[in-house]
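These are the residues of each chain, in order.
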Amino acid sequence: MTTGAGSPRQGKGLLFVVSAPSGAGKTTLCREVVNQLPGLRHSVSYTTRKPRPGEVDGRDYYFLDEGGFRKKAERGEFIEWAEVHGHLYGTSWDQLLLHSEQGVDLILDIDAQGAMQLKKKEVEGVFIYILPPSFDVLKARLMERRSDSPEEINRRLRKAREEIWSYREYSYMIINDDVKRALSELQAVIVAERIRMKRMNFMWIEETFIKNKEVF
Ligand code: 5GP
């Protein structure tokens, strides 16, 4: 979609904030939707967690140690940050502003604590919550991953239970019982939000249809 002066949509990029309990399938959905929709990018967060095999610094995350992270936090470089599953994660102002000014829409895959910080700061974003179809499915998905110990799985399930109430703060809920359907719902939200009347460039409408006096 074109943006900027002289285009139907206003120049500023949109923010899509996506949260979910661990195991709801959020990472896959966010990755796929970025692959499928032009003009949408995944925000790259900072984290103190070690890279997983295949993860690339600067593409998946900016990996740094706790000291470096806390210094950035003290300097106020993060618009939000939180401890998630024993590691620190944060979104930098820089990257948010850069994309917004370039008119690129950003998808923020962040946990509910971070999303609530953005709400408190009255950041204008579209808040989307993803849930699995049931608690049992969530448990089964976490166990299938085989990457986490039973203690870690329990910790994640407890966190899911605690945070689930924050869903009321979000504008959209997607139940991920079928990845294809969930993906099409996520796309539908993004596409519909992009064409909301309030995002339109009224100057463009005026110049194209009102000031243009040409008639046949
Ligand atoms: P993972 O380590 O599996 O990539 O992510 C773990 C959790 O941290 C996910 O729920 C993810 O959404 C969240 N997360 C990733 N980046 C950020 C961030 O910048 N801020 C916050 N608050 N959470 C994040």
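None of the values given here were measured: they were computed from a predicted structure.

Calculation rules
- Residues numbered from 1 in each chain as written.
- Predicted model: local features only at pLDDT ≥ 70, side-chain atom pairs only at ≥ 80, totals over all residues.
- Heavy atoms only, no water.
- Near = heavy atom within 4 Å.
- Polar contact = N/O pair within 3.5 Å; in protein donor to acceptor, adjacent residues only side chain to side chain.
- 1 Å grid on protein atoms, 1.4 Å probe; cavity = no way out; pocket = protein on both sides within 12 Å on 5 of 7 lines; lining within 4 Å.
- Sits in = over half its atoms within 2 Å of the grid points.
- Helix = DSSP H or I, 4+ residues; strand = E, 2+ residues; numbered from the N terminus.
- Axes fitted to C-alpha atoms, helices over the stretch in contact; angles between N-to-C directions.
- Parallel < 35°, antiparallel > 145°, perpendicular 65-115°, else oblique.
- Left-handed = near helix turned anticlockwise from the far one by under 90°.
- Contact = heavy atoms within 4.5 Å.
- Nonpolar A, V, L, I, M, F, W, Y, C, P; charged D, E, K, R; others polar.
- Points joined across faces, edges and corners; volume = space filled by probe spheres on them.

Caption draft 1: Representation of the site of the ligand. Surrounding the ligand, one finds 15 residues, the nearest of these being K26, R49, Y61, Y89 and D109. Between the ligand and the protein, one listed contact pairs an oxygen atom with a side-chain N or O atom of T91 at 3.2 Å. Here a nitrogen atom of the ligand sits 2.8 Å away from a polar atom, N or O, in the side chain of D111. In a pocket analysis with a 2 Å cut-off to the grid points, the ligand is assigned to the largest pocket. Mapped onto the shell around the ligand, the elements with two or more residues apiece are β5 (78–84) and β6 (87–92).

Caption draft 2: Representation of the packing of helix α1 (residues 26–36) against helix α7 (residues 179–194) in the model. Remark: α1 packs on α7, axes separated minimally by 10 Å, with the N-to-C direction vectors making an angle of 55°. Considering the angle they form, α1 stands oblique to α7. Seen from above, α1 lies across α7 with right-handed handedness. Residues L29, E32, V33 and Q36 of α1 lie in contact with α7, whose contacting residues are V179, A182, L183, L186, Q187 and I190. Partitioning the contact of α1 with α7 into residue classes produces seven nonpolar, two polar and one charged.

Caption draft 3: Representation of the layout of surface pockets. Approximately 1400 Å³ is the volume found for the largest pocket. Along the walls of the largest pocket sit 45 residues, with T27, R49, R52, Y61 and D109 positioned nearest its centre. For the lining of the largest pocket, the secondary-structure elements that each account for two or more residues are α1, β2 (40–42), β5, β6 and α6 (150–163). Here the lining of the largest pocket is built from residues that sort into 12 nonpolar, 16 polar and 17 charged. In this model, the second largest pocket occupies a volume close to 540 Å³. At six residues, the largest contribution of residues to the lining of the second largest pocket is made by helix α3 (residues 93–102). Classifying every residue of the lining of the second largest pocket by side-chain character gives 11 nonpolar, six polar and eight charged.

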